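Residues per chain, in single letters:
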Amino acid sequence: MHTFVGFALLGHLVAHLAGASPVGAGKREGLGLPVDLPINLAPVTDAITNVLDPLLGSDPSSGLGPKPPGGHKRSPLELSKLPLPDLGLPLGGGKGEDKRSPLGLSLGPLIPLIPGVTEPLTENAIPLPILQLPTPPLESEPEPFAHHPNLKPKKIGYFWTGAGDNKHKDFLATTSLDDDTFGTIIDITDVPSSGNSPHHLGTTLDGQLLVGGGLLSLLKTQDTAYYFDVSDPYKPKFAHSNRGVLSSIVDEIRAKPDGGFFITYMGSAVGTSPGRLVETDPVGNIIHEWPEDVEGTLNILGEQFSPHGLSIDFEAGIALTSDFVVPLTILKPTLGIQRADTLRLWNIETRTIISTITIPDGQGIQDVKFIPGNKESAALATAVGLGQVWIIYPFRFDKSGKQGVAELLYDLGPAAKDSMAIYSDISDDGKLAYFTITLANHVAALDISDLNNVKRLDDPNEEQPIIGPHYVKISPDKKNVLVLGYFVQAGDISVLNTPADFKAHWLDINNDGSISFNRTIDFENIFTRTRGGARPHSVVIFDLTNPEDPKFY
């Protein structure tokens with residue numbers, strides 16, 4: 001039954017994208033908006049129709065109605081009108097009587113796990129263009145090294161990790177960051193799928209729930225966000241998973257003060273632009289995919305909206321999202337990765353877009369973060385193609401009267417240009433900023449205590465013992481920086497495969513804010529036998545040193 005529901009929903013989605021026209025090249029009538037589509041969807045809709053039509057309605061128990069006579073193939077619009085079986089799932093979302101909550105969906109695998117039957121299918125699945133066979137994951141061999149029920153470290157790292165072979169289950173690795181037991185894996189929490197390319201991980205403010213996104217989950221038609229109950233910090237439990245209706249490709253995560261998350265979904269439901277800013281309730285159910293107003297929808301349809309970075313100043317009532325790349329364009333065949341030069345400034349109270357801010361020729365604005373304590377609520381943004389750090393002043397106005405101004409703050413040098421990814425973290429006192437430059441194999445440190453006189457604290461010519469650094473996080477006690485040596489390796493189907501060492505690097509923060517490489521956790525070596533290696537992309541750190549004041553970051 002899940003198979004039929006998944007395909008029927010896909011029919012609804014294609015019709016929504018294509019409007020009333022099966023070629024989808026005219027007006028976007030499916031949205032009720034007279035907006036020209038930037039691309040011809042005919043090849044996509046035709047291909048999907050060819051797959052869906054023989055399946056939908058072929059099973060009398062599916063509830064999807066009889067097939068049309070005479071061998072006529074149904075258009076995406078006709079497919080969208082087929083009745084969906086009642087799964088008891090609350091669909092819809094948002095506010096108002098005409099919407100239901102939660103908005104997100106959660107569906108099982110299109111090919112269910114059948115022990116002794118589906119394993120060969122998973123092991124021998126060949127790479128396909130874009131969409132991949134929705135094979136169930138392989139079970140891993142016992143991993144006794146990953147179970148230490150009596151170990152209770154004060155500092156814990158939760159690493160959101162992909163199986164190296166993309167066939168075994170992706171997982172959350174709960175790991176000690178204490179000095180005496182550093183790198184010891186306490187527990188492994190599997191998710192019921194593989195090949196997600198685990199991406200960013202975030203925590204609620206109370207440290208009870210984690211959410212990890214799947215960058216490439218869409219390619220196997222899987223759920224894209226995975227939630228973990230960490231009420232017992234030493235033994236997390238997989239709670240549930242879901243997916244958006246309008247969006248996919250999960251990226252940055254920020255906790256809401258009242259529970260739940262804001263999450264950037266970089267692509268549409270089929271990996272194109274526009275993406276959405278997704279909002280969840282306290283337990284992780286999707287309740288909105290912003291923007292939902294007409295003006296905001298016109299904004300994201302009018303110019304590439306591929307939100308990757310996300311930062312929120314709840315006191316000032318504003319948020320910034322930064323546009324990176326159109327996800328579909330990293331996959332073969334491609335005419336080249338489509339990068340963006342923009343950020344969106346949001347009114348977080350109304351969840352509406354205030355303005356679009358442009359960094360000229362930015363070539364991918366991957367990250368943005370507000371500077372803690374800055375009187376103007378200024379933020380730092382990374383322009384990847386330029387290899388530069390820009391400062392965003394959200395309450396200043398440009399010469400035309402538009403709110404939001406971007407100015408160059410610091411050029412990271414020749415090695416940083418066209419580095420594919422530049423990610424950052426800023427100390428909670430707003431004085432230090434660290435940047436990972438992926439293709440340069442380098443971590444940069446800046447003293448930003450005086451924004452008129454930024455000082456570089458690292459040697460840009462130093463050969464650091466790291467390959468492919470990306471995710472970076474300052475420890476809650478501000479003594480260390482944790483950097484992961486892995487960005488994206490999408491395999492033969494993609495043009496994006498960056499070098500990596502698949503290690504967690506634990507760096508010391510020196511007295512002047514500079515960094516020294518200390519210890520590592522070699523995930524690739526640890527999981528080679530049981531999962532074909534491991535791909536740790538992100539981490540959340542818990543510091544339980546003071547039980548009266550635990551830190552979750």
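What counts as what
Residues numbered from 1 in each chain as written. Predicted model: local features only at pLDDT ≥ 70, side-chain atom pairs only at ≥ 80, totals over all residues. Heavy atoms only, no water. Helix = DSSP H or I, 4+ residues; strand = E, 2+ residues; numbered from the N terminus. Buried < 20%, exposed > 50% of the residue type's maximum accessible area, 1.4 Å probe, protein only. Areas by Shrake-Rupley, 256 points an atom, 1.4 Å probe, with all protein chains shown as cover. Phe/Tyr/Trp six-rings, centres within 6.5 Å; stacked < 30°, edge-to-face > 60°. Pairing = 2+ DSSP bridges. Salt bridge = Lys/Arg side-chain N within 4 Å of Asp/Glu carboxyl O. Contact = heavy atoms within 4.5 Å. 1 Å grid on protein atoms, 1.4 Å probe; cavity = no way out; pocket = protein on both sides within 12 Å on 5 of 7 lines; lining within 4 Å. Points joined across faces, edges and corners; volume = space filled by probe spheres on them. Nonpolar A, V, L, I, M, F, W, Y, C, P; charged D, E, K, R; others polar. Core = buried A, V, L, I, M, F, W, Y, C linked by side-chain atoms within 4.5 Å. Polar contact = N/O pair within 3.5 Å; in protein donor to acceptor, adjacent residues only side chain to side chain.

- Under an unreviewed UniProt entry, the chain has the name Methanethiol oxidase and belongs to Lasiosphaeris hirsuta.

### Regarding the overall build of the chain
Thought 1: For the chain, the helix and strand inventory stands at 7 helices and 29 strands.
Thought 2: Every one of the 553 residues in the chain was classed for burial, and the buried ones make up 58%.
Thought 3: For the chain, the exposed area adds up to about 22,200 Å²; of that, 55% sits on carbon and sulfur atoms.

### Comments concerning the packing of aromatic side chains
Thought 1: Tallied over the entire structure, the rule returns 14 aromatic pairs.
Thought 2: Centroid distance Phe228 to Phe238: 6.2 Å. Interplanar angle 70 degrees. Geometry classified as edge-to-face. Of the two residues, Phe228 sits in strand β6 (residues 225-229) while Phe238 sits in strand β7 (residues 237-242), which places them 10 residues apart along the sequence.
Thought 3: Assessed through its relative accessible area of 29%, Phe238 is described here as partly exposed.
Thought 4: Summarising the aromatic geometry, the rings of Tyr423 and Tyr471 are spaced 5.2 Å apart at their centres and angled 25 degrees between planes, so their arrangement reads as stacked. Linking Tyr423 in strand β20 (residues 422-426) with Tyr471 in the loop between β23 (455-456) and β24 (472-474), this pair joins segments that are 48 residues apart in sequence. Comparing Tyr423 with Tyr471 shows no difference in burial state: the two are buried.

### Re the sheet that holds strand β28 (residues 534-543)
Thought 1: Spatial ordering of the open sheet is given by β3-β2-β1-β28-β29, a layout of 5 strands whose pairing is antiparallel. At either end of the open sheet lies a strand with only one pairing partner, and these are β3 (185-190) and β29 (551-552).
Thought 2: Bridge count for β28 against β29 is 2 bridges, and the pairing is antiparallel. Residue Phe542 lies in a different strand from β29, and its bridge partner there is Phe552.

### Notes on unusual backbone geometry
Thought 1: At the junction of Ser273 and Pro274, the peptide bond is cis and its omega measures out at 10 degrees in the coordinates.
Thought 2: Relative to the helices and strands, Pro274 is located in the loop between β9 (261-268) and β10 (276-280).
Thought 3: Backbone torsion omega between Trp290 and Pro291 reads 0 degrees, so that peptide bond is classified as cis.
Thought 4: You can see Pro291 is positioned in the loop between β11 (286-290) and α5 (294-302).
Thought 5: At Asp418, a position not held by glycine, the phi torsion is positive, near 55 degrees.
Thought 6: One can find Asp418 in the loop between β19 (403-411) and β20.
Thought 7: On the basis of relative accessible area, Asp418 is assigned to the exposed category, the value being 52%.
Thought 8: In this structure, Asn441 takes a positive phi of about 55 degrees despite not being glycine.
Thought 9: Following the sequence through the fold, Asn441 ends up in the loop between β21 (432-437) and β22 (442-447).

### Observations concerning the pattern of salt bridges
Think of it this way: side chains of opposite charge can pair up when their charged atoms draw near.
Thought 1: Inspection of every chain in the model, using the stated rule, returns 21 salt bridges.
Thought 2: The residue Asp477 makes a salt bridge to Lys155 at a minimum N-O spacing of 2.6 Å. Here Asp477 is found in the loop between β24 and β25 (480-484), whereas its partner Lys155 is found in strand β1 (residues 155-163), with 322 residues between them in sequence.
Thought 3: Overall, Asp477 belongs to the partly exposed group, its relative accessible area being 23%.

### Some thoughts on the side chain of Thr203
Thought 1: Here Thr203 shows up in strand β4 (residues 198-203).
Thought 2: Thr203 gets classed as buried once you look at its relative accessible area, which sits at 11%.
Thought 3: Apart from residues lying up to four places away in sequence, Thr203 is in contact with Leu209, Leu210, Ala255, Phe261, Val540, Phe542, Phe552 and Tyr553.

### Notes on the layout of surface pockets
Thought 1: Each pocket or cavity is described by its volume, and for the second largest pocket that value is around 1,100 Å³.
Thought 2: Residue lining of the second largest pocket: 38 residues in total, with Arg254, Pro372, Asp425, Asp428 and Tyr553 positioned closest to the centre.
Thought 3: For the lining of the second largest pocket, the secondary-structure elements that each account for two or more residues are β4, β8 (247-255), β12 (307-313), β16 (365-370), β20, β24 and β29.
Thought 4: Looking at the lining of the second largest pocket residue by residue, the class counts come to 20 nonpolar, 9 polar and 9 charged.

### Details of the nonpolar core
Thought 1: Counting 37 residues, the largest nonpolar core has Leu380, Leu412, Phe435 and Ile448 as the members making the most contacts within it.
Thought 2: For this core, the elements supplying multiple residues, two or more each, are β18 (388-397), β19, β20, β21 and β22.
Thought 3: Within the second largest apolar cluster, 32 residues are counted, among which are Ala173, Phe182, Ala504 and Leu507.

### Observations concerning the pairing of strand β27 (residues 515-522)
Thought 1: Both strand β26 (residues 503-509) and β27 contribute to a ladder of 7 bridges, which runs antiparallel. Note that in β27 the partner of Trp506 across the bridge is Arg519.
Thought 2: A loop of 5 residues connects β26 with β27, the two strands running antiparallel in sequence, and Gly513 in this loop sits at a positive phi of about 95 degrees.

### Regarding the pairing of β20
Thought 1: In terms of burial, β20 is a largely internal element, 5 of the 5 residues being buried.
Thought 2: The side-chain alternation of β20 yields two buried faces, one formed by Ile422, Ser424 and Ile426 and the other by Tyr423 and Asp425.
Thought 3: Where β20 meets β21, 5 bridges bridge the pair, whose relative direction is antiparallel. Note that in β21 the partner of Ile426 across the bridge is Ala433.
Thought 4: Linking β20 back to β21 in an antiparallel pair, the connection comprises 5 residues, with Gly430 at a positive phi of about 75 degrees.

### Overview of the environment of Ala444
Thought 1: In this fold, Ala444 is placed in strand β22.
Thought 2: Classification of Ala444 as buried rests on a relative accessible area of 0%.
Thought 3: As for Ala444 and Leu457, which are separated by 13 residues in sequence, their C-alpha atoms are 7.5 Å apart.

### Details of the side chain of Gln464
Thought 1: Locating Gln464 in the fold gives a position in the loop between β23 and β24.
Thought 2: Engagement of the side chain of Gln464 in a polar contact is seen with the side chain of His442, the distance being 3.5 Å.
Thought 3: In terms of polar contacts, Gln464 uses its side chain to reach the backbone amide nitrogen of Val443, at 2.6 Å.
Thought 4: Apart from residues lying up to four places away in sequence, Gln464 is in contact with Asn441, His442, Val443 and Phe517.

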